[in-house]
Amino acid sequence: MYRTALRNVLAHKGRLLMTALAVMLGTAFVAGTMVFSDTLGQAMKNSYTKSYADVSVLVTDQSAGSGASARRRSEAAGAARLTDATVRDLAALPGAGSARGTVSGFAGVADRKGDLIGQAWSARGANYVPDASGKDPRYPLAEGRAPHGDKEIALDRATADSAGYKVGDTVRLATTGPAFSTVLTGIFTTDDPDVSAGATLTLFDTATAQKLLLTPGQYSSIAVGARPGTTEDALLTQVRAKLPDGDRFTSETGRQLTDEQQRMIAEGTSGMKTMLLVFAGISLFVGIFIIANTFTMLVAQRTKELALLRAVGAGRSQVTRSVLVEALIIGVTASVAGLLAGIGIGAGMQAVVHALESTMPTGSLVIAPATVVVALVVGVLVTVVSAVLPAIRASRIAPVAAMSSGEQPATQKSLIVRNVLGSLVTAGGLALIVSGAATHSSDGRIPVAAGAALALIGVFVLLPLLSRPVIALVGPLLAALAGTPGKLARQNAVRNPRRTAATAAALTIGLTLVSALTVLGASVGATVDKAVTSAMKADYDVAMANGMPLSPEVAAAIAKAPGVSASSPLSNVYWEFDGRSRAVMGVDAAHASQVMRLTMTSGTAEALGQGLALVDGDLAKSRGLRVGSAMQAVYPDGSKGTVTVGGVFEPNQMLSPMLLSNEEVTKHEEDAYVRDILVKGADGPTPALKQAIKDATGNNPVIEVKTKQDMRDEFNKMITFALNMMYGLLAMSVLVAILGVINTLAMSVFERKREIGMLRAIGLDRRGIKRMVRLESVVISLFGAVIGVLLGCFLAWAVNGTLSSSLPGLGTVVPYGKMLVFLALAGLVGMVAAIWPARRASRLDILESIKTD
């Protein structure tokens, strides 16, 4: 029987080719993902191990750089800071060989056009700390000298080269306020992994760095080196004994910091690997339908052969093992090929990432033993498990009945059982989905996920039942457009509902995910767009590109800019009400109605100017507030007061639940966090006004000036990028589905060889045969696509229900245009998949086909 199995694989290698390709693509995706993520993770670990090579213990001030108001409160309370005195105390410890105070914070560098070099979130500033030789070993100078005074800086080599800066050039620099000019006195090299990864690094002398990035005399951290013979743990004990009690300062050994960094890298690459493996799993899941369908058709086509084996003494178990051995041979062969292809894919992904982002760390390919084992085991298991049911069916063929029939039809009992089970599973899944969506909170996500899985399984089971009525709907259209080939295509598509369902299921999976993601993206985009439009009357929103707070000087300068008729900084603070911290937004009371659109349900917006608060409807309802209600507040400085409600407005995602005038906010928090400034122009949004605002910021390259449309476009770009990435990852499963359609049609053509010969004999020409096969393919593809789109839209609606608590106003938006495009693409997939089978069918010899046994 084993020789028989091997002979059958060799005899039917053409028909098994698509199955092998499907397995190979799935395992290649798995292997490629693991090779790429392991290689990237190892390269990043190797790069970042240099970060703490010269650090035995690092002491960090957790509040350093946390905002001017926080620093002022700490100073007022006499809170300890890391200063020169701290550096001297730590350097004097018995186990310390050195101590170096470091300053770190945001500092952006502008190129010669005034644009920011690199990304805002990775632009850093630090202090140059010379040792006894007058040099800082962390930053060897390649050109020039170290910076001295508040008008001099040094830049890393990559940043200087990218902008074409030379020693002696004037460089525009930006922190959180207006940009200012400095002189480049030195260019340095560094093995800092952040700089190697594309970050910009600007060095100042220590006094200037403290003034610009922290407060005078303050360090953000102190690196302590151990004396020879002193362990890091022993030095850590000595350091902690010198530090004040509390959680403001943290101290860790270099080994702990390195381990933590490598753990974070591992978590990051693990998350990426998991996401990619999910999509690889989807491809393999799609492949299951192809493999099962292929073996089902092979068993049906070899019914007489299997019956002969039974007749000459082969037992049922031997027939089953024979089919499974065929699957095992295909699985092993395809998995090995997939592993080799996956190694190539991993290398290709690494090359593409490095080409797109040359600063990403690279290294030699990492092919872990786990990658080899997982790729081979997954590929073989998927293939063999998919062939189990066809193998069992093959063993149940009665020899005498099989000798007289090409394929045994499903019994009425089996169809009833299948449809009842499918209906029950689908109903249970739909019930879970609806109940989860009805919670309107994150609590419903697990029921929705479980229900989605059950509903998908149930729909797959019911697809044969659904195929006849759904495909029948397009019957008249096919007949009208294509005549006899159209009628034949419809009949062929529903001749074997199970085969049609198995072929269409592959496309159903892909279209379910694609349509669900598309509807979710459109829904979230529309909600955010509505929130921006409904809340913002201003012409421009001014904010830092890296999300850091704007300095008060910027707000004052913008208010005085030519063409500005109204402006309002939006300050954000957290005050305590009834033991709970709540967000409070400060606005300019005089200009609030000009830059924001407040829909009042009671009271008036003018109450802000009277020192009263405006609360949104949700907060008013939850706390039973109305105009005149008083709330007891505890301010950050520990003092207490009363906040009186002056009005209630409709909730809006762009605004905090409570609004106060900036004048009231600054009474208790002088330097509140200001992330945005809303600006209204006398003549609307004009290029002149935008330039005036930029000029007011000192042409700070990190400060962005955006219209409402700019904000919409930016968010839509993020959604589009995410969707395109998902579409790209799902492309593999779609490719596998196409292979399934090709495979089914090709085997169907072989199976209907005599029928096609008879059609040719009675007058259907080659063109008609081609049209019949193509239309059959299109019908099957569209059937799977329609079910997938409907199911995907329903799932998106359910997921939106679970998100409504975190994103108020979220509704389900179905982009009908895109749904029609997906259906059209599914039809095109069917047309492309039918090219080879249709051509093969049209070239069959009439006489040889008719006499086929």
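Quick note: structure is the one above.
Here we summarise the structure given alongside this text. From a predicted model like this one, the values you see are computed outputs, not experimental measurements. (Residues numbered from 1 in each chain as written. Predicted model: local features only at pLDDT ≥ 70, side-chain atom pairs only at ≥ 80, totals over all residues. Heavy atoms only, no water.)

Points about the pairing of strand 15 (residues 580-587)
Stage number 1. The pairing of strand 14 (residues 564-577) with strand 15 spans seven bridges and is classified as antiparallel. In the sheet register, asparagine 572 faces strand 15, and the bridge partner there is methionine 585. (Pairing = 2+ DSSP bridges. Helix = DSSP H or I, 4+ residues; strand = E, 2+ residues; numbered from the N terminus.)

Describing the side chain of threonine 503
Stage number 1. Mapping threonine 503 onto the fold places it in helix 19 (residues 497-535).
Stage number 2. Given the relative accessible area of 5%, threonine 503 is considered buried.
Stage number 3. Residues in contact with threonine 503, not counting those within four places in the same chain, are Asn293, Gly740, Val741, Thr744 and Ile780. (Buried < 20%, exposed > 50% of the residue type's maximum accessible area, 1.4 Å probe, protein only. Contact = heavy atoms within 4.5 Å.)

Some thoughts on the packing of helix 19 against helix 27 (residues 766-803)
Stage number 1. Axis separation between helix 19 and helix 27 bottoms out at 6 Å; the angle between their running directions is 35°. Helix-helix and strand crossings are classified by hand; for helix 19 and helix 27 the assignment is right-handed.
Stage number 2. For the contact of helix 19 with helix 27, a count of residues per class yields 16 nonpolar, 11 polar and no charged. (Axes fitted to C-alpha atoms, helices over the stretch in contact; angles between N-to-C directions. Left-handed = near helix turned anticlockwise from the far one by under 90°. Nonpolar A, V, L, I, M, F, W, Y, C, P; charged D, E, K, R; others polar.)

What about the pattern of salt bridges?
Stage number 1. The tally for this structure, following the rule as stated, stands at 16 salt bridges.
Stage number 2. Salt-bridge contacts for glutamate 143 lead to arginine 157; the nearest nitrogen and oxygen are separated by 2.9 Å. Of the two residues, glutamate 143 sits in strand 6 (residues 141-144) while arginine 157 sits in helix 5 (residues 157-163), which places them 14 residues apart along the sequence.
Stage number 3. Given the relative accessible area of 29%, glutamate 143 is considered partly exposed.
Stage number 4. Among the ionic contacts, a cluster of salt bridges with common partners joins Glu143, Arg157 and Asp161. (Salt bridge = Lys/Arg side-chain N within 4 Å of Asp/Glu carboxyl O.)

Re the sheet that holds strand 1 (residues 57-61)
The strands that make up a sheet are held in pairs by hydrogen bonds between backbone atoms, and each pair lies either parallel or antiparallel.
Stage number 1. In space, the four strands of this open sheet follow the order 2-11-1-12, with antiparallel pairing throughout. Both edges of this open sheet fall to strand 2 (96-102) and strand 12 (249-253), since each of them pairs with a single strand only. Between one strand and the next, the sheet's axes are offset by a mean angle of 15°, whatever the strand orientation.
Stage number 2. Where strand 1 meets strand 12, five bridges bridge the pair, whose relative direction is antiparallel. Looking at strand 12, one finds that threonine 60 is bridged to threonine 250.
Stage number 3. Most of the contacts of helix 4 (residues 84-91) go to strand 2, to which it runs at about 165°, and overall it touches strand 1, strand 2 and strand 11 (221-226).
Stage number 4. Along the sheet, helix 8 (residues 232-242) makes contact with strand 1, strand 2, strand 11 and strand 12, crossing strand 12 at roughly 165°.

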